[in-house]
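Observations on the model geometry
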Amino acid sequence: ILGLMDGFLKNDPVSLQKDILEHVEYTVARSRFSFDDFEAYQALSHSVRDRLIERWHDTQVYFKRKDPKRLYFLSLEFLMGRSLSNSVINLGIRDQCADALSQLGFEFEVLAEQEGDAALGNGGLARLSACQMDSLATLDYPAWGYGLRYQYGLFRQVILDGFQHEQPDYWLNFGNPWEIERVHVSYAVKFYGNVEEEILNGEKCKVWIPGETVEAVAYDNPIPGYGTRNTVNLRLWAAKPSGQHDMESYNTGDYINAVVNRQRAETISSVLYPDDRSHQGKELRLKQQYFFVSASLQDIIRRFKEAHDNFDVFPEKVALQLNDTHPSLAIPEVMRVLVDEEHLGWNRAWDIVCKIFSFTTHTVLPEGLEKIPVDLLESLLPRHLQIIYDINFNFMEELKKKIGLDYDRLSRMSIVEEGAVKNIRMANLSIVCCHTVDGVSRVHSELLKSRVFKDFYELWPQKFQYKTNGVTQRRWIVVSNPGLSALISKWLGTEAWIRDVDLLTGLREYAADADLQQEWKMVRKVNKMRLAEYIEAMSGVKVSLDAMFDVQIKRIHEYKRQLLNILSIIHRYDCIKNMEKSDRRKVVPRVCIIGGKAAPGYEIAKKIIKLCHAVAEKINNDTDVGDLLKLVFIPDYNVSVAELVIPGADLSQHISTAGHEASGTGSMKFLMNGCLLLATADGSTIEIIEEIGSDNMFLFGAKVHEVQALREKGPALKTPLQFARVVKMVRDGYFGFEDHFKSLCDTVEGGSDFYLLGSDFASYLEAQAAADKAFVDQEKWTRMSILSTAGSGRFSSDRTMEEYAKKTWGIEPCKCPF
Ligand SMILES: CCc1ccc([C@H](C)CC(=O)N[C@@H]2O[C@H](CO)[C@@H](O)[C@H](O)[C@H]2O)cc1
């Protein structure tokens, strides 16, 4: 048994080879003498999976024995991307795998490309969840992630004639080696029905009689830590028809309908809502939220009761994190279980609930806050509506005692929004219940306290904190940029920075060192070549490696101002066209790269994508301009595309109207990879400036506190002539489709420039010019690039998770010793 302490499987190339060939034969069921890249990928993945399972078991066994306080991270979205490369890096067996494969005639990188992305999320919030799971595992925290196993992830973006089309992402087509179906871990989830009263040992208690029951089946995704044996679990729920058959319909021979009804159950977890803007109060969306919350809480309470029989201990053993309001039905659900099923009594139950829940909001705009129509909740979850009403009644009573009968404030703070359509304000419910309300950057938290949740901040200032977002350096440097990763380890003389990222500051002293600069530039050149090949393959456009690769990749939103970027490209093009031939050699060649998905119903965002293609069509085919300027739109932007684009970027743009980006995490990934930032002072960028200094960035635009006043100016707002000129070019059909682009132009003219593209245009062009000037001085640029990486340590999700663990969750590392 001692020999088996670190598991059965050995990680030397020969053992790996044996395991791979066995999986080819017995798992993939192909002859070990002839199998292709995809089958080799499947076999390798299963060999790595086996090693994850061992570590997962050992970790869970150890957690069970130590019974530490656990964190349960509830999120409706996890944007995991690919798992193979990240897993072998965190297991520390990448080279062994590469050796084992090369002897079998396969190349690791080629096989890694075979894997499809697990795109179970929309954007920032979803990828943040994934980065945070990697950090929780690496820091040995006893954590679990809970979410939904969508059969269809975020849609595939197909561009036809410059227009976005959505294709379903059936990602499970060829199975998924990174999950383990847990047929024995399943729970019944109830919907609809009504609530009846019963007398139980003299007590009146409520009983919910459901109208429909669906089965939730668990799929476990082992999340390996880096440099530790700890492997935590991401448990995703899939909806299955519940066991009990309604024989009734069978007897009436209405067999088909019976089966169809049963199939209906599966639709609950079938597709991810591709909209990361407003909540449309759709019933299926609400069903998804309650389905995963109910299954997760049944699982969490079962695990607690295995080791404990007194719920007063629950807050010492369980911390529940709500990733935005999407899982906040967990609050009335825990109340329902503790009151209706465990019979703890309301006050004791409420006391427990207020100790276990914490909430992070990722939205700045009040209209982005989730509201659920009362009638929808009444029909789908009648008991939960009652509980929410009771929570609100007690809260209102308490509030009246504190603030008196200030009806405006009372109605603003009420969880129930009166009006033609009564709604439940999920953010208010979350704030009333949770002990901590976190923003995702310092300025975000300031805006929450001074605007969005001002009333609540004045009542409970202690609840409002912030934990600035972070990203994992394992995926965003080591996996996606192995050249830079090796260079950093060489110059720091250790790989310890991968676990302890503050060590990156050690690069500062070498920022001007000619040797490092040389090697740094070489690594970046190789990454640029890889990106240039991808661009040519995806768009047919050949780009020059001497040009500055200027990148803006993120979801398409008006507040993220991709339109401002495109209008500045039109300006740059116009300038080149009108410039003396002789002056053209002073132009710094630029390749502008834009990528991102628009929510299917977001028309303006889709027009921005079309405009980008129309402008690219003009510029890229203008031989007169040639390599001085290129514009390419990268289709189907996702985690894997980001891993390829970010290492090859010279400049990245984060140009949201100040006060609109809660944090932003893309900027942190570019920073870690030594890409310079052209940005507004918004969200996390404000903290990046403090870390690396504004002289290592290109900043422009109105500040957060200036935006309101500028908006009030409305039509009086001054916009530079250049701005009017480029908008006029679009309006007049210079790029065609003038009718299609009219409404787009209307969003930035006629006093309705809500996102201040016009008033920020001049300083934006100045920042662009400053970037051009700096790029010519490669010594200066490379020094700024090295200092960017050196100052990026603070933006690791390791720091974020340590802050949450200490200040919000009260959990300690629990490192599996064997
Ligand atoms: C359809 C409902 C919906 C609404 C909002 C959302 C997310 C909260 C939107 C989102 O991803 N917000 C981004 O969260 C990041 C992680 O904290 C921040 O860095 C970004 O600034 C924020 O826009 C998802 C789905």
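Residues numbered from 1 in each chain as written. Predicted model: local features only at pLDDT ≥ 70, side-chain atom pairs only at ≥ 80, totals over all residues. Heavy atoms only, no water.

1. Some thoughts on the site of the ligand
We count it as follows: Near residues are defined by distance, with any heavy atom within 4 Å of the molecule or strand qualifying the residue. Identification of polar contacts relies on pairs of N or O atoms within 3.5 Å, with a donor-acceptor requirement for protein atoms, meaning one able to donate a hydrogen and the other able to accept it, and with residues adjacent in sequence counted only if both atoms are side-chain atoms. What sets the accessible areas is the Shrake-Rupley method with a 1.4 Å probe; for residues, cover comes only from the shown protein chains. Helix and strand labels come from DSSP, where a helix needs a run of H or I of at least four residues and a strand needs a run of E of at least two; each type is numbered from the N terminus. Residue ranges for the domains originate in an automatic or database domain assignment.
In the region of the ligand, 21 residues are neighbours, and Asp275, His362, Asn469, Glu661 and Gly664 sit closest. Taking asparagine 469, its side chain carries an N or O atom lying 2.8 Å from an oxygen atom of the ligand. Bound to the protein, the ligand loses 93% of the 570 Å² it would expose on its own. At three residues, the largest contribution of residues to the shell around the ligand is made by helix 6 (residues 124-138). Domain assignment of the residues forming the shell around the ligand places at least three in each of domain 2 (68-82 + 117-439 + 450-468 + 803-809) and domain 3 (540-779).

2. Looking at the sheet that holds strand 14 (residues 371-373)
Formally: When DSSP finds two or more bridges between two strands, those strands count as paired. Residues count as neighbours in contact if any of their non-hydrogen atoms are within 4.5 Å of one another. Axes here refer to lines fitted to C-alpha atoms; in helices the fit is confined to the stretch in contact. Angles between the N-to-C directions go from 0 to 180 degrees.
The three strands lie next to each other as 14-16-15, forming an open sheet whose pairing is antiparallel. Every interior strand has two partners, whereas the edge strands, strand 14 and strand 15 (416-417), have only one. Both strand 15 and strand 16 (residues 423-425) contribute to a ladder of two bridges, which runs antiparallel. Looking across to strand 16, one finds that glutamate 417 is bridged to asparagine 423. Across the sheet, helix 16 (residues 426-433) touches strand 14 and strand 16, and the angle it forms with strand 16 is around 40°.

3. Focus on the packing of aromatic side chains
For clarity, the threshold we go by: Pairing of aromatic side chains requires ring centres within 6.5 Å, counting the rings of Phe and Tyr and the six-membered ring of Trp. Pairs whose planes differ by under 30 degrees are stacked, by over 60 edge-to-face, and all others tilted. Buried residues are those whose accessible area, probed at 1.4 Å on protein chains only, stays under 20% of the maximum for their type, while exposed residues exceed 50% and partly exposed ones sit between those limits. Here, a charge over a ring is recorded when the distance from Lys NZ or Arg CZ to the ring centre is within 6 Å and its angle to the ring normal is within 35 degrees.
By the definition in use, this model includes 31 aromatic pairs. A ring pair is formed by tryptophan 491 and tyrosine 510, whose centres lie 5.1 Å apart and whose planes are at 65°; its orientation type is edge-to-face. With a gap of 19 residues between them, tryptophan 491 in helix 20 (residues 482-492) and tyrosine 510 in the loop between helix 20 and helix 21 (514-539) connect regions that are remote in the sequence. Here tyrosine 510 falls in the partly exposed class, since its relative accessible area comes to 24%. Aromatic side chains phenylalanine 754 and tyrosine 755 sit 4.9 Å apart centroid to centroid with 90° between the ring planes, which places their arrangement in the edge-to-face category. For tyrosine 755, a relative accessible area of 16% gives the class buried. In this structure an aromatic cluster arises from ring pairing among Tyr72, Trp144, Tyr146, Tyr187 and Trp237. The side chain of lysine 287 reaches across the aromatic face of phenylalanine 191, ending 5.3 Å from its centre. The ring of tryptophan 144 has arginine 303 lying over it, and the distance from NZ or CZ to the ring centre is 3.7 Å.

4. Details of the UniProt feature "modified residue: N6-(pyridoxal phosphate)lysine" (unreviewed entry) in the chain
Stated precisely, the cut-off is as follows: UniProt positions are given in the numbering used here, feature names are shortened, and annotations may be inferred rather than shown by experiment.
As recorded in UniProt, the sites labelled "modified residue: N6-(pyridoxal phosphate)lysine" (unreviewed entry) are Lys669. Considering the arrangement of structural elements, one finds lysine 669 in helix 25 (residues 666-672). The exposure class assigned to lysine 669 is buried, which follows from its relative accessible area of 8%. Every residue in contact with lysine 669, bar those within four places of it in the chain, is listed here: Arg127, Val471, Trp476 and Ile646.

5. Structural notes on the domain arrangement of the chain
So the rule is basically this: Note on definitions: buried area is the accessible-area loss of two parts on being combined, 1.4 Å probe, summed for both. Salt bridges are identified by distance alone: a Lys or Arg side-chain nitrogen within 4 Å of an Asp or Glu carboxyl oxygen. Polar here means any residue outside two lists: the nonpolar Ala, Val, Leu, Ile, Met, Phe, Trp, Tyr, Cys and Pro, and the charged Asp, Glu, Lys and Arg; Gly therefore counts as polar.
When its domains are assigned, the chain resolves into domain 1 (9-66 + 91-114), domain 2 (68-82 + 117-439 + 450-468 + 803-809) and domain 3 (540-779). At the interface, 22 residues of domain 1 touch 23 residues of domain 2. A combined buried area of about 2000 Å² lies between domain 1 and domain 2, and 54% of that area is made up of carbon and sulfur atoms. The tally of links between domain 1 and domain 2 comes to four salt bridges. Here arginine 82 and glutamate 113 are joined by a salt bridge, their closest N and O atoms 3.8 Å apart. The tally of links from domain 1 across to domain 2 stands at ten residue pairs in polar contact (both at pLDDT 80 or more). Element by element, the count of residues in the side of domain 1 that touches domain 2 is highest for helix 2 (residues 37-66), at 19 residues. Among the residues forming the side of domain 1 that touches domain 2, the class breakdown is nine nonpolar, six polar and seven charged.

6. Describing the sheet that holds strand 21 (residues 629-634)
The strand order 21-20-19-22-23-24 describes an open sheet built from six strands, whose pairing is parallel. Each edge of the sheet is formed by a strand with only one pairing partner; in this case those strands are strand 21 and strand 24 (698-699). By the bridge criterion, six bridges tie strand 20 (residues 590-595) to strand 21 in an arrangement that is parallel. For glycine 595, the partnering residue across the bridge sits in strand 21 and is isoleucine 634.

7. Notes on the side chain of serine 445
As for its position among the elements, serine 445 is in helix 17 (residues 442-452). Beyond its immediate chain neighbours, meaning those up to four positions away, serine 445 contacts Gln465 and Tyr466.

8. Things to note about the pairing of strand 20
We count it as follows: Looking down the strands as they point away from you, a crossover is right-handed if its path from the first strand over the helix to the second goes clockwise.
Of all six residues in strand 20, six are buried; the element is thus mostly enclosed. As judged from the six bridges shared by strand 19 (residues 548-553) and strand 20, these two strands associate in the parallel manner. The residue bridging valine 551 from the neighbouring strand is isoleucine 593, located in strand 20. Regarding topology, helix 23 (residues 603-620) serves as the crossover connection from strand 20 to the parallel strand 21, and that connection is right-handed.

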